[in-house]
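Residue strings, one per chain:
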Amino acid sequence: MLEGLHVKNLIIIDEAEVSFGEGLNILTGETGAGKSVIIGSINLALGAKAGKNLVRAGKDSGFVELVFSVNEDTKKKLENLDIIPEEGLVVITRKFTAERSVSKINGETVTLSKVREAASLLLDIHGQTENQTLLLPKNHLEILDRYCKEEVKPLISKLKELVCEYREKENELLEYSADEASLSRELDFLKYECSEIKKAKLVKGEEEELDKKVRKYAASSKIVSLVEEARKNLSDSDGADDSIGNIVRAMSRLSDVDEGAEELLNQISEIESLLNDFERSLSDYADENVFDEADFMQSEARLDKIRGIFAKHGGSYESTQSFFDISLKQIEKLEHSSEYKGKLSTEVEKLKKLILAECDKLTEVRKKAALELGKKVKQALIDLNFLQVDFGLEFNKTKDFTSKGNDEVVFKISANPGEPMRSISEIASGGELSRIMLAIKSVMADTDEIPTLIFDEVDTGISGRTAQMVAEKMALLSGKRQLIAITHLAQIAAMADNHYLIEKKADETHTATDIRRLDENEEVEELARILGGVAITENVINSAKEMKNLATGTKIGLKQG
């Protein structure tokens with residue numbers, strides 16, 4: 001659940017920090033006090049698009065921090081996203097400057113998309129904008145699939161694979177349905193390219209060997225010059241040969257005079273022997289590196305040809321060979337295009353039948369779940385003062401199928417006796433939309449497994465008995481999930497397990513919004529303000545106390561079942 005919120009230097013907030021509790025957390029305050037800023041800051045921390053001028057005037061940066069505690073199931077899901085809770089906590093922060101923002105999870109900088117992935121497991125924010133999603137039938141199918149996700153998940157997974165294969169085969173078939181001239185041109189092109197590669201008789205590693213050879217030929221004049229210089233230093237008068245020979249003779253005479261010089265004679269004799277070996281090796285090297293102009297030109301031409309072919313097919317022997325192998329298969333297909341086209345057509349039709357069969361299975365599962373969902377939503381609507389309501393899901397088939405099947409689902413409702421069932425978009429008012437969405441949320445609470453739900457002014461367009469029933473539904477829902485709700489209605493506020501006041505404080509030079517938790521007496525005072533408006537009399541205070549006591553009793557009754 002959401003343990004805490006910390007906001008600093010954001011719009012009209014200097015600094016606000018609040019700890020939320022379990023159950024139903026209610027936020028109230030005067031119109032314009034900044035309730036939307038509080039919810040907006042949570043949205044921003046969770047990856048919502050940041051507009052300009054977020055940072056409070058006169059400050060360099062703004063900051064939002066959310067602290068979540070997570071259970072074992074949520075912990076495992078987060079770990080699959082490479083997010084590791086620390087001591088059971090996940091801390092999401094976002095820092096804003098005039099130019100950019102930086103998001104972090106447990107101190108590690110992450111992308112906004114990563115934050116949104118994490119947020120989808122931690123919290124669901126329901127505002128008036130989301131009510132409008134009910135007007136779009138495409139969202140109705142998504143809600144149904146979320147309700148029966150365990151049943152439809154393997155079917156959709158299999159369908160996705162089949163549809164992917166079908167689209168590939170279908171696209172390939174379209175290629176073979178091209179005009180004969182195009183197919184002929186493609187065949188001629190592939191034959192030419194393959195013929196060129198085949199005639200070249202490419203050998204792996206040949207390019208590298210030829211490159212070394214050509215480079216060596218290009219440097220042959222330098223090689224000859226250096227070899228001659230070495231030979232000259234060996235054989236000229238006063239060269240190495242003469243010098244070493246003179247030393248050997250001198251040491252030989254010395255050893256005749258002094259036996260102790262014999263070791264020196266052996267050393268210089270070994271050097272003379274090595275020098276002779278070096279001369280023979282140098283001579284062999286010179287013979288091997290004689291410049292052969294014909295071989296040079298032939299090698300250079302072969303290298304240019306190989307590189308020219310490689311350049312057209314990926315730049316390497318491997319990529320060229322891959323092109324050759326693939327092209328041979330394509331040539332075979334093109335030469336037998338009529339037969340292959342027929343084969344492809346058969347495969348496409350076979351896949352289509354398989355896909356439609358899987359779509360039918362998916363529809364069957366969805367229809368069964370739709371009956372359950374419809375009954376539960378209907379009962380939830382009755383609990384929300386739709387006294388003689390009827391609710392159901394209508395199925396239609398789309399013209400084509402997708403990886404999610406070929407079902408089109410529409411939520412239908414009749415809010416009054418005798419009225420036909422119609423699409424929500426045709427009949428629902430703003431207040432009705434809010435209650436319908438609340439009913440769906442309450443039914444989906446166990447399926448979605450999201451620990452925290454935020455309702456931004458779910459009380460839009462309702463009052464009286466309906467407001468009381470909405471309050472009771474929210475209290476019941478908060479027994480399974482943490483709820484955070486902004487409200488203007490005393491009936492809903494009275495159900496709070498934790499009540500927070502958002503207030504704007506201003507003087508001649510400064511305006512700021514703050515949020516704080518109320519004690520029992522302050523809760524009554526706030527209820528009285530909501531009930532009585534400007535004039536808060538003793539009777540209003542007593543009414544507020546009675547409302548709070550009644551709400552407490554109602555919650556106890558709801559918990560007892």
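Residues numbered from 1 in each chain as written. Predicted model: local features only at pLDDT ≥ 70, side-chain atom pairs only at ≥ 80, totals over all residues. Heavy atoms only, no water.

Our working definition: UniProt positions are given in the numbering used here, feature names are shortened, and annotations may be inferred rather than shown by experiment.
Named according to an unreviewed UniProt entry, the protein is DNA repair protein RecN originating from Catonella morbi ATCC 51271. Under the UniProt heading Function (unreviewed entry), the note attached to the protein is "May be involved in recombinational repair of damaged DNA." Annotation of the protein in UniProt includes, under Sequence similarities (unreviewed entry), the sentence "Belongs to the RecN family."

1. Remarks on the overall build of the protein
The line we're drawing: Secondary structure elements are defined from DSSP: runs of H or I of at least 4 residues count as helices, runs of E of at least 2 residues count as strands, and each element is numbered from the N terminus. Only the C-alpha atoms count toward the radius of gyration. The rule for a globule is 2.2 Å times the residue count to the power 0.38. Any residue under 20% of the maximum accessible area for its type is buried, any over 50% is exposed, and the rest in between are partly exposed; the area is computed with a 1.4 Å probe on protein chains only. Two residues form a contact once any of their heavy atoms are found within 4.5 Å. Each accessible area is a Shrake-Rupley result for a 1.4 Å probe, and residues are judged covered by the shown protein chains and nothing else.
Check the secondary structure of the protein and you find 20 helices and 15 strands. Expected size for 561 residues packed as a compact globule is a radius of gyration near 24 Å; at 42 Å, the protein overshoots this value by more than 25%. Its C-alpha atoms put the protein at 135 × 75 × 45 Å along the principal axes. The 561 residues of the protein split such that 43% are buried. Considering only contacts within the protein whose residues lie at least 6 apart along the sequence, 71% involve residues at least 24 apart. Accessible surface, the protein: about 31,000 Å² in total, of which carbon and sulfur atoms supply 50%.

2. Focus: empty space enclosed by the protein
As a reminder of what qualifies: Method remark: on a 1 Å grid restricted to protein atoms, a set of points is classed as a cavity if a 1.4 Å probe fits but cannot get out and as a pocket if it is open with protein on both sides within 12 Å along at least five of seven lines; lining residues have an atom within 4 Å of a point. Grid points are joined across faces, edges and corners, and a volume is the space filled by probe spheres set on the points.
Considering all chains together, one arrives at 1 cavity of 30 Å³ or more under this definition. Here the largest cavity defines a volume of roughly 50 Å³. As for the largest cavity, its lining consists of Asp124, Lys441, Met444, Ala445, Asp448, Ile450, Leu453 and Arg481. Counting residues per element, the lining of the largest cavity draws most heavily on helix α16 (residues 430–448), at 4 residues.

3. Focus: the packing of aromatic side chains
Describing an aromatic ring pair means giving the distance of the ring centres and the angle of the ring planes. The condition that has to hold: Each pair of aromatic rings taken from Phe, Tyr and Trp, with Trp reduced to its six-membered ring, is defined by centres within 6.5 Å and is described as stacked if the planes are under 30 degrees apart, edge-to-face if over 60, and tilted in the remaining cases. Counted as over-ring charges are cases with an Arg CZ or a Lys NZ within 6 Å of the ring centre that also lie within 35 degrees of the ring normal.
Evaluated as defined, the whole model comprises 3 aromatic pairs. Seen from their ring centres, phenylalanine 20 and tyrosine 500 are 5.3 Å apart, and the 65° between their planes marks the pair as edge-to-face. Here phenylalanine 20, found in the loop between β2 (13–19) and β3 (24–28), pairs with tyrosine 500, found in strand β14 (residues 498–506); they are 480 residues apart in sequence, far enough to count as distant. Under the relative-accessibility criterion, phenylalanine 20 is labelled buried at 5%. You can call tyrosine 500 buried: its relative accessible area is 0%. Note on tyrosine 166 and phenylalanine 401: the rings are 5.3 Å apart at their centroids and 65° apart in plane angle, and the pair reads as edge-to-face. With tyrosine 166 in helix α6 (residues 149–176) and phenylalanine 401 in strand β9 (residues 390–402), this pair connects stretches of sequence that are 235 residues apart. Note that arginine 435 overlies the ring of phenylalanine 386, its terminal NZ or CZ placed 4.0 Å from the centroid.

4. A look at the side chain of lysine 555
Mapping lysine 555 onto the fold places it in helix α20 (residues 538–560). Filtering out sequence-adjacent residues up to four positions away, lysine 555 remains in contact with Ala475, Met495, Ala496 and Asp497.

5. With respect to the pairing of β2
We apply this condition: DSSP calls a pair of strands paired once it identifies at least 2 bridges connecting them.
Pairing between strand β1 (residues 2–10) and β2: 6 bridges, direction antiparallel. Bridge pairing links leucine 5 to valine 18 in β2. Taken together, β1 and the strand that follows it, β2, pair antiparallel across an intervening segment of 2 residues, in which isoleucine 11 is found at a positive phi of about 55°.

6. Let's talk about helix α13 (residues 317–335)
Stated formally: By this rule, a helix spans an expected 1.5 Å times one less than how many residues it contains. The arc in question is formed by the directions pointing from the helix axis toward the C-beta atoms.
A rise of 1.5 Å per residue sets the reference length of α13, with its 19 residues, at 27 Å; its end C-alpha atoms lie 27 Å apart and thus fit the reference within 8%. Taken together, the buried positions of α13 are Thr320, Phe324, Ser327, Gln330, Ile331 and Leu334. Mapping the buried residues of α13 onto a view down its axis gives an arc of 140°, with all of them on the same face. Opposite the packed face of α13, turned more than 90 degrees from it, sit the exposed residues Ile326 and Lys329.

7. Some words on the domain arrangement of the protein
Our working definition: Domain start and stop positions are those given by an automatic or database domain assignment.
Once the domains are mapped, the protein shows domain 1 (2–130 + 451–560) and domain 2 (188–333). Each of domain 1 and domain 2 was reduced to a C-alpha centroid, and the two centroids are 79 Å apart.

8. Things to note about the sheet that holds β1
Whenever strands of a sheet pair, they do so through backbone hydrogen bonds, lying parallel or antiparallel. For the record, the criterion: The axes used here are C-alpha line fits, helices contributing only the stretch in contact, and every angle between their N-to-C directions lies in the interval 0 to 180 degrees.
Spatially, the 6 strands line up as an open sheet ordered β2-β1-β4-β5-β6-β7, and their pairing is antiparallel. Two strands bound the open sheet, and with one partner strand each, they are β2 and β7 (108–110). Adjacent strand axes in the sheet meet at a mean angle of 15° when their direction is disregarded. Looking at chain direction, strand β5 (residues 89–96) and strand β6 (residues 101–105) are connected through 5 bridges and run antiparallel. Among the inter-strand pairings, phenylalanine 96 is bridged to a residue of β6, identified as serine 101. Across the sheet, helix α1 (residues 35–45) touches β1, β2, β4 (62–69) and β5, and the angle it forms with β1 is around 100°.

9. Looking at the packing of helix α2 (residues 72–79) against helix α3 (residues 112–122)
Working note: a packed helix pair is described by the angle between its axes plus the distance between those axes. For the record, the criterion: For this classification, under 35 degrees means roughly parallel, over 145 means roughly antiparallel, 65 to 115 means roughly perpendicular, and everything else is oblique. We call a crossing left-handed when the near helix sits turned anticlockwise from the far one by less than a right angle, and right-handed when that turn is clockwise. Residue type decides the class: Asp, Glu, Lys and Arg count as charged, Ala, Val, Leu, Ile, Met, Phe, Trp, Tyr, Cys and Pro as nonpolar, and the leftover types, Gly among them, as polar.
Here α2 crosses α3 at 165°, and the two axes come no closer than 10 Å. Between α2 and α3, the angle falls in the class roughly antiparallel. Seen from above, α2 lies across α3 with right-handed handedness. Mapping the contact onto sequence places Thr74, Lys77 and Leu78 in α2 and Ala118, Leu121 and Leu122 in α3. Of the residues that constitute the contact of α2 with α3, the class distribution is 4 nonpolar, 1 polar and 1 charged.

10. As for the packing of helix α17 (residues 464–477) against α20
The interhelical angle for the contact between α17 and α20, taken along N-to-C directions, is 50°, at an axis separation of 10 Å. With respect to α20, the element α17 is oriented oblique. Note on packing geometry: the crossing formed by α17 with α20 is right-handed. Each of Glu472, Ala475 and Leu476 in α17 lies in contact with α20, whose residues at this interface are Thr554, Lys555 and Leu558. Residue composition of the contact of α17 with α20, grouped by class: 3 nonpolar, 1 polar and 2 charged.

11. Considerations on a negative patch on the surface
Let me state the cut-off plainly: A residue counts toward a patch only above 30% relative accessible area and without a salt bridge, and it is joined to like-charged neighbours within 9 Å or, for Val, Leu, Ile, Met, Phe, Trp and Tyr, to nonpolar neighbours within 5 Å. Whenever Lys or Arg places a side-chain nitrogen within 4 Å of a carboxyl oxygen from Asp or Glu, that contact is recorded as a salt bridge. Positive residues here are Lys and Arg, negative ones are Asp and Glu, while His and the chain termini are left out of the count. To locate a charge, take atom NZ for lysine, CZ for arginine, CG for aspartate or CD for glutamate.
On the surface, Asp258, Glu259, Glu262 and Glu263 cluster together into a negatively charged patch. By secondary structure assignment, the location of glutamate 263 is in helix α11 (residues 262–288).

12. Side note on α20
Here α20 is 23 residues long and its end C-alpha atoms lie 33 Å apart, about the 33 Å a rise of 1.5 Å per residue gives. All buried positions along α20 are accounted for by Val540, Ile541, Ala544, Met547, Lys548, Ala551 and Lys555. Buried-residue contacts for α20 involve α17, α18 (490–493) and α19 (520–532).

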